[in-house]
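# Structure assessment
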Amino acid sequence: MPNTPEQPPRLATTRIVAGEKPKGRRRTVEIVAVAALVALIGAGAAVASVTADNNAARSDAAPQPTAAATLRLGYFGNVTHAPAVAGLQEGLLAKDLGATKLSTQVFNAGPSAIEALNAGAIDAAYLGPNPAINSYVKSGGASIRIIAGATSGGSQLVVKPSITSAAQLRGRVLASPQLGGTQDVALRSWLASQGFKTTPGGSGDVTINPTDNAQTLKLFQDGKLDGAWLPEPWASRLVLQAGARVLVNEAKLWDKGQFSTTVLVVNKSYLDAHPQTVEALLKGHVDSIQWLNTHKAESAAVINAGLRGAAGKPLAQNVIDRSLTELAFSADPLAATFPELLAHGVAAGVTRQADIKGIFDLGPLNKALTSAGQKPVSAAGLGTE
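Residues numbered from 1 in each chain as written. Predicted model: local features only at pLDDT ≥ 70, side-chain atom pairs only at ≥ 80, totals over all residues. Heavy atoms only, no water.

The name given to the protein chain in an unreviewed UniProt entry is ABC transporter substrate-binding protein, and the organism recorded there is Arthrobacter wenxiniae. The protein chain has a UniProt comment under Sequence similarities (unreviewed entry) that states "Belongs to the bacterial solute-binding protein SsuA/TauA family." (UniProt positions renumbered as here; feature names shortened; annotations may be inferred.)

Okay, structure coming up:
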């Protein structure tokens, strides 16, 4: 017989026709196998469907909070902003931020800082309480949150030496750092308590001209202003460098002399998107305040070095020394005083009466304080703590 090549074995197949009964054991096994395959395909489709649904749900959900690439921080070149100035100078504000880049911008007064904050030009800022209140009220609570206190005290009405009583202010010209700022509101509110009428436009029994602090000093020296309600170091500069006298120390207008001069505020959207970055900033903020309170002998030199960078030149030693005696540094925002601050703003005509419950978010601050071995602070029913 001739040699023929070996044929490969043929795969056994079974033709299944509807209505016919399969014949033999092989056919039974193969039908079972086909049924199992169909079931497996069906199960895979179900799993794929569930996975797809889960992925879709995950994509529809709100984005998860993340650390920010950048933190843009605003502050003033004032001694009242020493927690910011010293914190930047000593590297304390940036030390816990990790890969987040810290950038800064210097402002003259709160309204301009809050405008930048609301516009998204900066993410957080040290500023006075009244601009923060006004922003919160105008936005219906959507714009900002106060996340910490910073400074109490350091605000005075300084006037020409010839002015010795409130009655002598009628018809005079006074200055404040900016319309709607914390010192502007304090001045208008105090004048109202003395029976004087003022308007945001400058008319009334006493003329108030919102003026840049440096320009206020020059105008006072030139005899073109009768006085100004100013934060430190500008009150001290007018007293020591221009011969002004203190007519009103704002500390005497508040219970125990405690009133909020500077708070730390954050854009609400930024807080929601990057809570861990805000927590890191607060750790540095707490450390900065602690450093100021435990390094008093060297704090003046550090603050002055920071002011040189922020304002272009340092302060005279007697000016910074006097300024620091008027201030207290604390992370407590003195929340219980905020209803009265709101009332002052309403009386001054720069804001309206409103519910400010929710303006504080002190939970992250209290976490940082507890970690540093310090007592938590109260939101006085005006927010979370």
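After that view of the structure, there is still more to cover.
### Describing the overall build of the protein chain
Of the regular secondary structure elements, the protein chain holds 13 helices and 13 strands. Burial analysis of the protein chain (385 residues in total) assigns 46% to the buried set. The contacts in the protein chain between residues at least 6 apart in sequence include a share of 75% that link residues at least 24 apart. Element-wise, carbon and sulfur atoms account for 54% of the exposed surface of the protein chain, whose accessible area totals about 18500 Å². (Helix = DSSP H or I, 4+ residues; strand = E, 2+ residues; numbered from the N terminus. Buried < 20%, exposed > 50% of the residue type's maximum accessible area, 1.4 Å probe, protein only. Contact = heavy atoms within 4.5 Å. Areas by Shrake-Rupley, 256 points an atom, 1.4 Å probe, with all protein chains shown as cover.)

### Regarding the packing of helix α6 (residues 213-221) against helix α7 (residues 234-242)
Between α6 and α7, whose axes approach to 10 Å, the crossing angle comes to 25°. By the angle class used here, α6 and α7 are roughly parallel. You can see that α6 and α7 cross each other, and the crossing is right-handed. Listed contacts from α7 to N213, A214, T216, L217, F220 and Q221 of α6 are W234, R237, L238, Q241 and A242. (Axes fitted to C-alpha atoms, helices over the stretch in contact; angles between N-to-C directions. Parallel < 35°, antiparallel > 145°, perpendicular 65-115°, else oblique. Left-handed = near helix turned anticlockwise from the far one by under 90°.)

### Examining helix α3 (residues 110-118)
Listed as buried for α3 are G110, P111, A113, I114, A116 and L117. Looking at the packing, one finds that the buried side of α3 touches β1 (70-76), β2 (101-107), β3 (124-127), α4 (129-138), β4 (144-153) and β10 (260-267). After α3 finishes, the residue G120 shows a positive phi value of roughly 80°.

### With respect to the side chain of T100
By the element assignment, T100 lies in the loop between α2 (82-89) and β2. Reaching out from T100, the side chain makes a polar contact with the backbone oxygen of A68 at a distance of 2.5 Å. (Polar contact = N/O pair within 3.5 Å; in protein donor to acceptor, adjacent residues only side chain to side chain.)

### Let's talk about the packing of helix α9 (residues 275-294) against helix α10 (residues 296-311)
The interhelical angle for the contact between α9 and α10, taken along N-to-C directions, is 120°, at an axis separation of 6 Å. Put simply, α9 runs oblique to α10. Contacts from W291, L292, N293 and T294 of α9 reach α10 at K296, E298, S299, V302 and I303. Its residues assigned to classes, the contact of α9 with α10 comprises 4 nonpolar, 3 polar and 2 charged. (Nonpolar A, V, L, I, M, F, W, Y, C, P; charged D, E, K, R; others polar.)

### Some words on the packing of aromatic side chains
A complete count under the given rule lists 3 aromatic pairs for this structure. Aromatic pair W254 and F259: ring centres 6.2 Å apart, planes at 15°, arrangement stacked. Each of the two residues, W254 as well as F259, counts as buried. With a centroid separation of 4.9 Å and 75° between ring planes, the pair formed by F338 and F360 is classed as edge-to-face. Note that F338 is positioned in helix α12 (residues 338-348) and F360 in strand β12 (residues 360-361), a separation of 22 residues in sequence. Of the residues examined, F338 reaches a relative accessible area of 0% and is grouped as buried. The exposure class assigned to F360 is buried, which follows from its relative accessible area of 1%. (Phe/Tyr/Trp six-rings, centres within 6.5 Å; stacked < 30°, edge-to-face > 60°.)

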